[in-house]
Structures are given as C-alpha cells and as structure tokens.
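Coordinate inspection notes
Here is how the chains run, residue by residue.
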Amino acid sequence: MNFFARFKKLFIVIGFLALVFIIGYFIWRLFFRAEPPAPPSSGTETPGIIGGLPSVGPGTGTIIEPGGISTLPGTGGSTGLSGGQNPGDNSLFTPNEIAVGGLTETTVVNRNPSLNITLDNSGQLQYYDRTDGKFYKLNADGTKTTLSDRVFHSVQSVVWAPNSDKEVIEYPDGNKIVYNFSTQKQVTLPAHWEDFSFSADGNKLVSKSISYNTADSWLIVSNADGSQATGIEKIGNNYDKVYSNWSPGNQIAALYTEGVDFNRQEVYFVGLNGENFKSTIIEGRGFEPQWSSEGSRLLYSVYNSADNYNPRLWVVDATSDTIGQNRRQLNIQTWANKCTFASDTEVYCAVPEELPKGAGLLPQLADESKDLLYKIDLATGAQKLIAIPNGYYNISQIAVPETQDYLYFTDKYSGSVYQIKLR
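Residues numbered from 1 in each chain as written. Predicted model: local features only at pLDDT ≥ 70, side-chain atom pairs only at ≥ 80, totals over all residues. Heavy atoms only, no water.

**Re the confidence of the model for the chain**
- Summarising the model, the chain shows a mean pLDDT of 83, and 78% of its residues fall at 70 or more.
- Confidence over residues 26–91 falls short of pLDDT 50; this stretch has 94 contacts with residues more than four positions distant or in other chains. (pLDDT = per-residue confidence, 0-100. Contact = heavy atoms within 4.5 Å.)

See the structure below:
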C-alpha cells in the first residue's frame, strides 16, 4: 500500500504519456499513414458507369415529387440532353417546332433588354425596350410598332392596366406618372403613392399612400389619373403586409396578411366599401398572389419549413361567397409571379429545374437555375411539362394569349423576350 502511495505521481505521469501515445497513434492512422498503392488497371471499364452511378437511357419527362422537382434525362443543360442519351437519336438533339413536352424551338422576338411584358385585348405582346426607352407592340406578322413616339428614359417599373391602354410608370428618383397610350397624355402621381393595381376596366387605381408618419398610411382608391382619391382602409405600420391587387370581378381591392404561427398566415380580403369578407389560412410565408382571369380563384406561392423553405404553388376559391373553399396544394415548386393565366382554369408556369434549399427565403439562390415550362389545369388538377426551351433561360415573366397559340417569356439575365409556339 505504501509502495503505491509512494509512486502514485509516477504512475499518473506514465498513464498520461501512454494515453497521449495512443491518441497520437490513432491520429497518425487516420490522417498521415500512406495509403497502399492502388492495384494496376486492367485497361477495361464497365460500360455505362459514370461517377459510380449507372447511366440511364433516353427520356424527356420530369417527375414532380412532394419534396420538389426531380428531373429525368432530357431536362438538363442548355441543350436539354444529358449523359446516357443516344447521339444517333436526332429527336433528342433537334428541338420541336411546337411545344409537345420536349426540347422546343425558342425564338427571340426582342433581343434588347425589356421590362414587364403584357398582352393587349387582341393578344398582341407589348413591352418597354430599355435600350431606346420606347414602348412597342409585336404585331401578328412579327413586325414591331411603337405605342408612342415619346421616349421614356430609365424606367424602373411598369404596371399595365388590364386592357393595356395605360400604365403607371415609375422612375428611379421616385417620380411616378400615368401614361395613356390612347390619348398620348400623361399625369403625375404623388411620389408617396406606392404599389399600384388597376381595376378590371382600367379606370380606377388602388395604391398605398405612405405617410412620413407611417401610422397615418392608408390604402386608397382613385381614378386612373390620380383624381378623387379616397381612403378605404387605414393600414398604418402594416403597409408592408398589404398587397394592392384589384380582382377581375371588382369585388376585392387588396389583400392583407397576418401571422398565425411560424408556418401559417391568415389572408384578409379588402373590399371597396368596408365589406366584412371571410379570411383564409395559408400554409407558409413569402405570400405572392395572382388572380385567375375571371377572379374566381387565387393562385399563390408560399414557403414553409416542410418544403425546405422553397416556394410551392397553391390555389383557393376567392369570390366574395367562396373565399377559402377548395384550397389545395399544387405539386409544383415555383413562384406565382413566374406563372400566368390563359383562362380562368388554365395556368402556365416557369418551373426551376432545380431549387436549392431556402430559395423561398432568398430567391436569388435560384438565379442560376434553368426553367422548364408547365401547364396546369385547375379544373382537373392535371399538370404536365409542355416545353424545355432550347437554351439556358432563367425566366422572370411569361404571357400567354387566350388563343394559346404562343407563349412569350422574358429571360432574367438578358432581359430579351422569347417566343415558343404552343400550336
């Protein structure tokens, strides 16, 4: 007993050194030991094996899964082709003239950077050309005509009236005007008015009047020229939760959201005369709404934690008598502002081929994604890939006339406008 007590410190030192030696040995084995030389290659390879995964045969489909979009060969890269496809099959390399679900011819109709494309009552494309500062119409024969001889320098944003005969134009310095292409006249709007939306006939405007004292901010309605402005709802400090969005049925002037919990919000529908409309719950944040052509439905996108914070499309009935009914999730992950209604039940959307986690929170994460084009039938729930544009495009906006002969889209990087034949 005295012996161990006498050499206790020595035993502790020896044990400590042994422990250090053992730990050092394991570190050496893990990180510094030289690997044994690889066996010599036999000079043969296993056919069809790339990067450890077997290649797959030709295909052009896309699988939509609850967690996002899982693409099959035929949807990757700027040519729409991927490894494992047969180079001898010309159908995989040659784009179709008309959209039938695969690689599709994509024609540029305006190469210059453009802003906010729209369609007039006859289905003709209209847009602002950032290069020369003029507004144009694309005629049925493919020629372009100016909507006005006037040059609008450095336009920052454009809000078109539904009939496309007038628009709100905003400049970088905050100045705003309404320009009427039918009369070729303009009026200036107050600089503190923001977030504009025209009524269905284009004769009225809803906007937010933001006061220096934000508690005094209002949602207002005025004539299209800014006259006879009337406050319809005091929004105070909640101005960033209010969305000016006049419904085609002229029942709703704006939408307002209020948080319920981490993953849910309640949407309130604001009428023109203080109506007490129903509200509806939405499963997410980052609310982006879009009315159907007749205003019977509301298409919207939100993100939540269950979807890796990526945007997903939903639809809900939204007339004054049906608000909140038939709310359902669409199995497509994209933003509502990348969609357009061709009719009250038919929607065309640009859908990212891949979405990194968190793209709903930070949309710029998807800036490098290539977009594919889908059609959704809200009446039946059918969703199908209609076209893989022949090129690498990140689509910022699309437009489809009621005839559904063509689809127009704007590329986010170049601002150029492209056309795809649907029929």
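**A few points about the sheet that holds strand 8 (residues 125–129)**
- One open sheet accounts for four strands, arranged 7-8-9-10; its pairing is antiparallel. The open sheet is flanked by strand 7 (114–119) and strand 10 (144–146), the only strands paired with a single partner. The sheet shows a mean angle of 25° between the axes of neighbouring strands, direction not considered.
- Bridge analysis of strand 8 against strand 9 (residues 134–138) gives five bridges, and the strand direction is antiparallel. Following the sheet pairing, Leu-125 is matched in strand 9 by Leu-138. (Pairing = 2+ DSSP bridges. Helix = DSSP H or I, 4+ residues; strand = E, 2+ residues; numbered from the N terminus. Axes fitted to C-alpha atoms, helices over the stretch in contact; angles between N-to-C directions.)

**A short note on the pattern of salt bridges**
- Per the stated rule, a full pass over the model turns up 13 salt bridges.
- One salt bridge in this structure joins Asp-261 and Arg-264, with 2.9 Å as the shortest N-O distance.
- Classification of Asp-261 by relative accessible area gives partly exposed; the value is 32%.
- Classification of Arg-264 as partly exposed rests on a relative accessible area of 30%.
- One salt bridge in this structure joins Asp-344 and Arg-297, with 3.5 Å as the shortest N-O distance. Taken as a pair, Asp-344 in the loop between strand 27 (339–341) and strand 28 (346–352) and Arg-297 in strand 24 (residues 297–303) lie far apart in primary sequence, 47 residues in all. Just as Asp-344 is buried, Arg-297 falls in that class too. (Salt bridge = Lys/Arg side-chain N within 4 Å of Asp/Glu carboxyl O. Buried < 20%, exposed > 50% of the residue type's maximum accessible area, 1.4 Å probe, protein only.)

**Remarks on the sheet that holds strand 11 (residues 157–160)**
- Sheet architecture is open: four strands sit in the order 11-12-13-14, paired in antiparallel fashion. Of all strands in the sheet, those bounded by a partner on one side alone are strand 11 and strand 14 (185–189). Within the sheet, the average angular offset between the axes of one strand and its neighbour, ignoring direction, is 20°.
- The pairing of strand 13 (residues 176–180) with strand 14 spans five bridges and is antiparallel. For Ile-177, the partnering residue across the bridge sits in strand 14 and is Thr-188.

**Considerations on unusual backbone geometry**
- A positive phi angle is found at Ser-154, which is not glycine, with a value near 55°.
- Relative to the helices and strands, Ser-154 is located in the loop between strand 10 and strand 11.
- By relative accessible area, Ser-154 is classed as exposed at 53%.
- Of note in this structure, Asp-195 is not a glycine but carries a positive phi near 60°.
- Assignment of secondary structure puts Asp-195 in strand 15 (residues 193–198).

**Considering a nonpolar patch on the surface**
- Where nonpolar side chains cluster on the molecular surface, the patch consists of Leu-361, Leu-362 and Leu-365 and spans about 260 Å² of accessible area.
- Residue placement: Leu-362 occurs in the loop between strand 28 and strand 29 (371–377).
- A relative accessible area of 43% means that Leu-362 is categorised as partly exposed. (Patch = residues over 30% accessible without salt bridge, like charges linked within 9 Å, V, L, I, M, F, W, Y side chains within 5 Å. Areas by Shrake-Rupley, 256 points an atom, 1.4 Å probe, with all protein chains shown as cover.)

**What about the packing of aromatic side chains?**
- Within this structure, the stated rule accounts for 18 aromatic pairs.
- An angle of 80° between the planes, with centres 5.3 Å apart, marks the rings of Phe-135 and Phe-152 as edge-to-face. Separated by 17 residues along the polypeptide, Phe-135 in strand 9 and Phe-152 in the loop between strand 10 and strand 11 bring together distant segments of the chain.
- Residue classification places Phe-135 among the buried residues on the basis of a relative accessible area of 1%.
- Judged by its relative accessible area of 1%, Phe-152 is buried.
- Aromatic side chains Tyr-179 and Phe-181 sit 5.1 Å apart centroid to centroid with 65° between the ring planes, which places their arrangement in the edge-to-face category.
- Using a relative accessible area of 3% as the deciding quantity, one classes Tyr-179 as buried.
- A network of ring pairs unites the aromatic residues Tyr-128, Phe-135, Phe-152, Trp-160, Tyr-179 and Phe-181 as a single cluster. (Phe/Tyr/Trp six-rings, centres within 6.5 Å; stacked < 30°, edge-to-face > 60°.)

**With respect to the nonpolar core**
- Counting residues in each nonpolar core, the largest one holds 18 residues, and the members touching the most others are Leu-299, Leu-313, Leu-330, Val-347, Cys-349, Ile-376 and Leu-378.
- For this core, the elements supplying multiple residues, two or more each, are strand 25 (312–317), strand 27, strand 28, strand 29 and strand 30 (383–389).
- Once residues within four sequence positions are removed from consideration, Cys-349 is found in contact with Leu-313, Thr-334, Lys-338, Cys-339, Leu-372, Leu-373, Tyr-374, Ile-376 and Ile-398.
- Listed in part, the 16 residues of the second largest apolar core include Ile-386, Ala-387, Tyr-393 and Val-400. (Core = buried A, V, L, I, M, F, W, Y, C linked by side-chain atoms within 4.5 Å.)

**Considerations on the pairing of strand 28**
- The element strand 28 is largely enclosed, with a buried count of seven among its seven residues.
- Residues Glu-346, Tyr-348, Ala-350 and Pro-352 line one face of strand 28 and the alternating positions Val-347, Cys-349 and Val-351 line the opposite face, and both faces are buried.
- Of the pairings in the sheet, the one linking strand 27 to strand 28 comprises three bridges and is antiparallel in character. If you follow Thr-340 over to strand 28, its bridge partner there is Tyr-348.
- What sits between strand 27 and strand 28 in their antiparallel hairpin is a turn of four residues.
- Here seven bridges tie strand 28 to strand 29, and the two strands are oriented antiparallel to one another. Paired with Ala-350 across the bridge in strand 29 is Leu-373.

**Details of the side chain of Gln-265**
- Examined against the element boundaries, Gln-265 turns out to sit in strand 21 (residues 264–270).
- With relative accessibility at 7%, the residue Gln-265 sits in the buried group.
- Within the structure, Gln-265 has its side chain in polar contact with the backbone oxygen of Gly-284 (distance 3.0 Å).
- Not counting chain neighbours up to four residues away, the residues in contact with Gln-265 comprise Thr-257, Glu-258, Gly-259, Val-260, Thr-280, Ile-281, Ile-282, Gly-284, Arg-285, Gly-286 and Phe-287. (Polar contact = N/O pair within 3.5 Å; in protein donor to acceptor, adjacent residues only side chain to side chain.)

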